[in-house]
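Listed below, chain by chain, are the residues.
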Amino acid sequence: MPLSRWTPADNLPGIALVRDKKDREGGTLDFTPGNWQSFVNLAKQIGPVG
């Protein structure tokens, strides 16, 4: 799934809530800001898959 489909869901201190912007009712995933940044960096490094 392309990284561009994921979007911040809210702005809370110390937590990054993200959701699939094509499925707004599908819930959110929560990450620490550092873990989210690590995921974004890895996704950029790997590139599109599938």
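The shown structure was predicted, so the numbers you read here are calculated from the model rather than taken from an experiment.

S.K.: Help me understand the overall build of the chain in this model?
M.R.: The helix and strand tally for the chain stands at 1 helix and 3 strands. When its helices and strands are written in sequence order, the chain yields β-β-β-α. Among the 50 residues that make up the chain, the fraction classed as buried is 14%. Within the chain, contacts between residues separated by at least 24 positions form 11% of all contacts whose residues are at least 6 apart in sequence. If you sum the accessible surface of the chain, you get close to 4,000 Å²; carbon and sulfur atoms cover 54% of it.

S.K.: What should I look at first to understand the confidence of the model for the chain in this one?
M.R.: When pLDDT drops low, the exact placement of atoms in the prediction is not to be read closely. Scored by pLDDT, the chain comes out at a mean of 78, with 76% of its residues at no less than 70. Within the chain, the element-level pLDDT minimum falls on strand 1 (residues 6-8), averaging 57, and the maximum on helix 1 (residues 33-46), averaging 90.

S.K.: Whenever I open this one, the pairing of strand 2 (residues 16-20) confuses me. Can you help?
M.R.: Regular strands place their side chains on alternate faces of the sheet. Counting buried residues along strand 2, 5 of its 5 residues qualify, which places the element largely inside the surrounding structure. In strand 2, alternate side chains face the same way, and those of A16, V18 and D20 on one face and L17 and R19 on the other are all buried. Here strand 2 runs beside strand 3 (residues 29-31); their pairing, made up of 3 bridges, is antiparallel. Paired with L17 across the bridge in strand 3 is D30.

S.K.: Looking at this structure, how should I read the environment of L17?
M.R.: With respect to the element layout, L17 can be found in strand 2. On the basis of relative accessibility, which here comes to 17%, the residue L17 falls in the buried class. Between the alpha carbons of L17 and F31 there is a distance of 6.4 Å; along the sequence they are 14 residues apart.

S.K.: Looking at this model, I keep getting lost on the side chain of D20. Mind explaining?
M.R.: Note that D20 resides in strand 2. What makes D20 buried here is its relative accessible area of 10%. Engagement of the side chain of D20 in a polar contact is seen with the backbone nitrogen of K22, the distance being 2.9 Å.

About the thresholds
- Going along each chain's sequence as written, the residues are numbered from 1 onward.
- Residues qualify for local features only when their pLDDT is at least 70, as the model is predicted, and side-chain atom pairs are given and counted only at 80 or more; totals for whole chains, interfaces and linings, by contrast, use all residues.
- Hydrogens and waters are ignored; side-chain quantities use all the structure's heavy atoms.
- Only DSSP runs of H or I covering at least 4 residues are called helices, and only runs of E covering at least 2 are called strands; the numbering of each starts at the N terminus.
- Relative accessibility under 20% of the residue-type maximum defines a buried residue, over 50% an exposed one, and the middle range a partly exposed one, all with a 1.4 Å probe and only protein chains included.
- When checking whether two residues touch, look at their non-hydrogen atoms; a contact exists if any pair is within 4.5 Å.
- Accessible areas in this description were obtained via Shrake-Rupley with a 1.4 Å probe; residue shielding takes into account the shown protein chains only.
- As a per-residue measure, pLDDT tells how confident the predictor is, with possible values from 0 to 100.
- At least two bridges found by DSSP between two strands is the condition for calling them paired.
- Identification of polar contacts relies on pairs of N or O atoms within 3.5 Å, with a donor-acceptor requirement for protein atoms, meaning one able to donate a hydrogen and the other able to accept it, and with residues adjacent in sequence counted only if both atoms are side-chain atoms.

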